[in-house]
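# Close look at the chain arrangement
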Amino acid sequence: MRSPVDLWVYLSTSPLIWLTLTLCTWIGASEISRRLDRNPLANPVLTSILFLSLVMTIFDIPYERFFEGAQFVHFLLGPATVAIAVPLFRQWERVKRLLLPIAAALMVGSLMAVLSVVALGSLLGLSDEVMISFLPKSATAGVAMAISASLGGNPSLTAVLVILTGIIGALIVTPFMNLMQIRDYAARGFAVGLTSHGIGTARAYEVDETAGLFAGIAMALNAVATAAVVPIAAAWLIR
């Protein structure tokens, strides 16, 4: 009879174990978040990342082996990105009435997300490759990684920055909006969706349905805006 250690060594080589562990970790993290009344510090994405990173570190699991299983979840990024258009379509009449402020917020938000990277990157002396990897950080991961790769950035670094941006946004959005005394959930949701993409949108849905709706709209629109703005900024950087 095999020992538990031998069994673990055998299972750890199978992609299925990492897919199963990823899904179970997410379910557990979501339940923890629910029991803590959706406290921002109990963000399921952050909890899942910390737990899975700990497991991989303890058992010395290379990321490549983990990704063999997790790639099935990664594949869903594409369909999920396309599905962002669904709430926009369903609420088009409502959105149409707010088209002017939405367009203004989108333009300012997407430009500031890019210009802030250029300013800080120049101040810190970052290389062109690193700065290009930073530029699409506020777009959803599938779009951001594709933009980064096409412009000569590092898609892996971009993915990390996208996740960090989303987690930080999800952690601070509620206390920050309360501090700023912004009570309009449409405005709150649009702001977090524009800056913190899917992770921020998930947080917005936890707080209020209207906030989640406008966060999803902002995430979809900012993906398009980022794809238009970032190549211009990248061309200016490497001229």
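Residues numbered from 1 in each chain as written. Predicted model: local features only at pLDDT ≥ 70, side-chain atom pairs only at ≥ 80, totals over all residues. Heavy atoms only, no water.

## Description of the layout of surface pockets
Heads up, the rule is: Lining residues are those with an atom within 4 Å of a point, where the points come from a 1 Å grid over the protein atoms alone and group into cavities, where a 1.4 Å probe fits but cannot get out, or pockets, open sets with protein on both sides within 12 Å along at least five of seven lines. Grid points are joined across faces, edges and corners, and a volume is the space filled by probe spheres set on the points. Think of it this way: any DSSP run of H or I at least four residues long counts as a helix, any run of E at least two long counts as a strand, and we number them from the N terminus. Classes in brief: Ala, Val, Leu, Ile, Met, Phe, Trp, Tyr, Cys and Pro nonpolar; Asp, Glu, Lys and Arg charged; the others, Gly included, polar.
Within this model, the largest pocket holds a volume of roughly 1600 Å³. Along its surface, the largest pocket is lined by 35 residues, and Val-45, Ile-49, Val-73, Leu-77 and Ile-163 are the ones closest to its centre. Here the element with the most residues in the lining of the largest pocket is helix α11 (residues 155–179); it accounts for seven residues. Considered class by class, the residues forming the lining of the largest pocket number 26 nonpolar, nine polar and no charged. Taken as a whole, the second largest pocket spans an internal volume of roughly 430 Å³. What lines the second largest pocket is a set of 18 residues, among which Ile-172, Ala-191, Val-192, Thr-195 and Ser-196 lie closest to the centre. Mapped onto the lining of the second largest pocket, the elements with two or more residues apiece are α8 (99–124), α11 and α12 (185–207).

## A word on the environment of Ala-202
The line we're drawing: Burial here depends on accessible area, computed with a 1.4 Å probe over protein chains only, as a share of the maximum for the residue type. Under 20% is buried, over 50% is exposed, and the range in between is partly exposed.
Position of Ala-202 among the secondary structure elements: in helix α12. With relative accessibility at 40%, the residue Ala-202 sits in the partly exposed group. The sequence separation of Ala-202 and Val-192 amounts to 10 residues, and the corresponding C-alpha distance is 9.8 Å.

## Description of unusual backbone geometry
Its identity is not glycine, yet Arg-38 carries a phi of approximately 55°, on the positive side. In this fold, Arg-38 is placed in the loop between α2 (15–35) and α3 (44–58). The phi dihedral of Asp-60 is positive, around 55°, even though this residue is not glycine. Structurally, Asp-60 is set in the loop between α3 and α4 (63–75). With relative accessibility at 64%, the residue Asp-60 sits in the exposed group.

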